[in-house]
Amino acid sequence: MRLISLRPDGALHRVWSAAEPGRFGGWWIPPGTPVEDDGGTWSSPYPVATMAWPKAWFQVFVLLKPDRTDYYVNICTPPCLGADVVWMDLDLDVRVEAGCAWVADEDEFQDRSRMYPRAWRASAQQAVVVVQDAVRSGAHPFRPSFADALRAEWALRSRPGGAVLG
């Protein structure tokens, strides 16, 4: 399955071409999985769990780094869930690193959001508030116990013969 992030004009932004279903209701991106980017190709050296919800204006990457769990939240249109998962990236992100959260790419959002429908702009701004509140309160998926469960699932999945499917 692929995870496909589009620009609002329909151009490809990023493609994760080898996402695997997880038991947690999302998808795994194994370490070293190539990510096609509009600027080239890159990968993460650690497992990444990702989740998207049909009516949510955001999508969460849980970065299971060796020494801590960080989060990268794309503010985006609600995804189309099918053979692939497809969303439009709205140029606004919430990052959580070492327990500190901040909004990233606000300048890109300001520059490009003039082209978005008014409802998209309002939904994107509201999604930032929802995500910040969830991070502050430790709600799912920002709860430490959920990150622990993801690490346990990854440990089972990554041992020989240990593929864990939904």
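For the structure itself, look to the data block above.
Residues numbered from 1 in each chain as written. Predicted model: local features only at pLDDT ≥ 70, side-chain atom pairs only at ≥ 80, totals over all residues. Heavy atoms only, no water.

To continue, consider helix α2 (residues 118-137). Helix length check: α2 (20 residues) gives 29 Å between terminal C-alpha atoms against 28 Å at 1.5 Å per residue, within 8%. In this fold, the buried residues of α2 make contact with β8 (58-64), β9 (69-76), β11 (85-97), β12 (100-104) and α1 (106-112). Positive phi appears at G138, one or two residues downstream of α2, with a value of about 70°. (Helix = DSSP H or I, 4+ residues; strand = E, 2+ residues; numbered from the N terminus. Expected span 1.5 Å × (residues − 1). Contact = heavy atoms within 4.5 Å.)

Locating T69 in the fold gives a position in strand β9. Here the side chain of T69 touches R151 through a polar contact of 3.0 Å, side chain to side chain. Beyond its immediate stretch of four places on either side in the chain, T69 contacts V62, L63, L64, A147 and R151. (Polar contact = N/O pair within 3.5 Å; in protein donor to acceptor, adjacent residues only side chain to side chain.)

Residue placement: M51 occurs in strand β7 (residues 48-52). For M51, a relative accessible area of 2% puts it in the buried group. A C-alpha to C-alpha distance of 17 Å links M51 and T33, two positions 18 residues apart in sequence. Apart from residues no more than four positions distant in its own chain, M51 is found in contact with F24, G26, W27, Q59, V60, V62, H140, P141 and F146. (Buried < 20%, exposed > 50% of the residue type's maximum accessible area, 1.4 Å probe, protein only.)

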